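Topology and contacts: notes
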Amino acid sequence: MTTKTKSVLYDRAIDRFANMKERMELAFTISIVKEYERAIIFRLGRILRGRAKGPGLFFILPCTDNFINVDMRTITFDIPPQEVLTKDSVTVSVDGVVYYRVQNATLAVANITNADAATRLLAQTTLRNVLGTKNLAEILSDREEIAHSMQTTLDDATDDWGIKVERVEIKDVKLPQQLQRAMAAEAEASREARAKVIAAEGELNASRALKEASLVIAESPSGLQLRYLQTLNTIAAEKNSTIIFPLPMDMMQAFMKRD
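Let me sum up the structure you'll find in this document. (Residues numbered from 1 in each chain as written. Predicted model: local features only at pLDDT ≥ 70, side-chain atom pairs only at ≥ 80, totals over all residues. Heavy atoms only, no water.)

**What to know about the sheet that holds strand 8 (residues 163-174)**
The test is simple: Two strands make a pair as long as DSSP finds a minimum of two bridges between them. Strands are runs of DSSP state E lasting at least two residues, helices are runs of H or I lasting at least four, and both sets are numbered from the N terminus onward. Note on definitions: angles span 0 to 180 degrees between N-to-C directions of axes, and those axes are lines fitted to C-alpha atoms, for helices only across the stretch in contact. A contact between two residues is defined here by any heavy atoms of the two lying within 4.5 Å.
Ordered in space as 6-7-8, the 3 strands form an open sheet in which the pairing is antiparallel. Either end of the sheet is taken by a strand with one partner, and the two such strands are strand 6 (75-85) and strand 8. Within the sheet, the average angular offset between the axes of one strand and its neighbour, ignoring direction, is 25°. Of the pairings in the sheet, the one linking strand 7 (residues 91-102) to strand 8 comprises 10 bridges and is antiparallel in character. Across the sheet, Tyr99 pairs through a bridge with Arg167, a residue of strand 8. Running at roughly 35° to strand 6, helix 3 (residues 115-131) makes contact with strand 6, strand 7 and strand 8 of the sheet. Across the sheet, helix 5 (residues 143-157) lies against strand 6, strand 7 and strand 8, angled at about 145° from strand 8, the strand it touches most.

**Some thoughts on the pattern of salt bridges**
Note the cut-off: A pairing counts as a salt bridge when a side-chain nitrogen of Lys or Arg comes within 4 Å of a carboxyl oxygen of Asp or Glu. Burial here depends on accessible area, computed with a 1.4 Å probe over protein chains only, as a share of the maximum for the residue type. Under 20% is buried, over 50% is exposed, and the range in between is partly exposed.
Considering all chains together, one arrives at 8 salt bridges under this definition. One salt bridge in this structure joins Arg43 and Asp65, with 2.8 Å as the shortest N-O distance. With a gap of 22 residues between them, Arg43 in strand 2 (residues 37-43) and Asp65 in strand 5 (residues 65-71) connect regions that are remote in the sequence. A salt bridge links Asp71 to Arg73, with the shortest nitrogen-to-oxygen separation between them at 2.8 Å. The partly exposed category is assigned to Asp71, whose relative accessible area is 27%.

**A look at the sheet that holds strand 3 (residues 46-47)**
Spatial strand order, 3-2-5: 3 strands in an open sheet with antiparallel pairing. Lying at the two open borders of the sheet, with one neighbouring strand each, are strand 3 and strand 5. Bridge count between strand 2 and strand 3: 2 bridges; the pairing is antiparallel. Considered in strand 3, the bridge of Phe42 is made with Ile47.

**Remarks on the nonpolar core**
Rule in force here: We define a nonpolar core as any set of buried Ala, Val, Leu, Ile, Met, Phe, Trp, Tyr and Cys residues linked to one another through side-chain atoms lying within 4.5 Å.
By size, the foremost hydrophobic cluster in this structure holds 35 residues, and its most contacted members are Val92, Val98 and Ile170. Listing elements by their share of this core, those giving two or more residues are strand 2, strand 6, strand 7, helix 2 (105-110), helix 3, helix 4 (136-141), helix 5 and strand 8. Sort the elements by how many residues they give to this core and helix 3 lands first, with 6 residues. With sequence-adjacent residues up to four places away left out, Val92 is seen in contact with Gln82, Glu83, Val84, Thr86, Leu136, Ile139, Val173, Lys174 and Leu175. One finds Val33, Ala39, Ile41 and Ile60 within the second-largest nonpolar core, a separate group that totals 5 residues.

**What to know about unusual backbone geometry**
Cis peptide bonds are those with omega within 30 degrees of zero, and the linkage from Gly54 to Pro55 qualifies with -5°. Here Pro55 is to be found in the loop between strand 3 and strand 4 (56-60). Here the phi dihedral of Leu44 falls at roughly 55°; this positive angle occurs in a residue that is not glycine. Position of Leu44 among the secondary structure elements: in the loop between strand 2 and strand 3.

**Remarks on a nonpolar patch on the surface**
Counted only if it meets this: Each patch is built from salt-bridge-free residues with over 30% relative accessible area, joining like charges within 9 Å and nonpolar side chains (Val, Leu, Ile, Met, Phe, Trp, Tyr) within 5 Å. All accessible areas in this document rest on Shrake-Rupley with a 1.4 Å probe, and a residue is counted as covered only by the protein chains that are shown.
On the surface, Phe28, Ile30, Ile32, Leu57, Phe59 and Leu61 cluster together to form a nonpolar patch covering roughly 590 Å² of accessible area. Contributing elements (two or more residues each) for the nonpolar patch: strand 1 (29-33) and strand 4. Along the polypeptide, Leu57 turns up in strand 4. Residue Leu57 is classed as exposed on the basis of its relative accessible area of 58%.

**A word on the packing of helix 3 against helix 5**
Heads up, the condition is: Note that the term roughly parallel is reserved for angles under 35 degrees, roughly antiparallel for angles over 145, roughly perpendicular for angles of 65 to 115, and oblique for everything else. By definition, turning the near helix anticlockwise from the far helix through less than a right angle yields a left-handed crossing, and turning it clockwise yields a right-handed one. Basically, the charged four are Asp, Glu, Lys and Arg, the nonpolar ten are Ala, Val, Leu, Ile, Met, Phe, Trp, Tyr, Cys and Pro, and anything else, Gly included, counts as polar.
At a minimum axis distance of 10 Å, the contact between helix 3 and helix 5 shows a crossing angle of 135°. When the interaxial angle is binned, helix 3 and helix 5 end up oblique. Handedness of the crossing formed by helix 3 with helix 5: right-handed. Here Leu122, Ala123, Thr126, Leu127, Val130 and Leu131 of helix 3 lie close against helix 5, whose contacting residues are Ile146, Ser149, Met150, Thr153, Leu154 and Ala157. Of the residues in the contact of helix 3 with helix 5, the class split is 9 nonpolar, 3 polar and no charged.

Take a look at the structure:
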């Protein structure tokens, strides 16, 4: 085989390989999705049967197929402060935070235009509806119960969209300044009332103890004298320049009888 013949055969082989490569490119296209993404493939406008594609490589037809990537990671967003009228007619401003993720990529694409925007709007209305059934004391004390109720309501409402609401938290409850001052005054008055009650109970217990001590001392006259000496010792220990000696009332009555 001559050199010219070999060159001709080599050229033909290259042409055949190029034609095969073009046919393969026309037959399918290779696409890649990340670990946290899923691809929904539309063929002639219809979603392909089966679950979403990914992660990794998948093949699509260049002329008839197109696809939409869906992020499967947990998404967090803040609920803007909502002015809410409580059950007991108090206006409060409440905000929160919601954690959700796409559980079914096919439903999130086929059943809702924008799942993220719809979930945000639904969270705002749900916060208003739930807080409207509570009074101010319940809102301030039962935040966990309110958050759980919101999570259950949101999860049920977004189930048809392929959305899973993982967590809802109430961030802050803002009260009007006038109401804050009134609540502070009420709390201060309550503390003062409790302090007076505690002081009165202490006085009552002290009087009972003194009564019992007086009964014990009355049974033994020498006990009163010992108590008197103990009192003088306590006064002298404080380095006082003046010491007052109390006189028994019996002595004074004896002098008064003589007069």
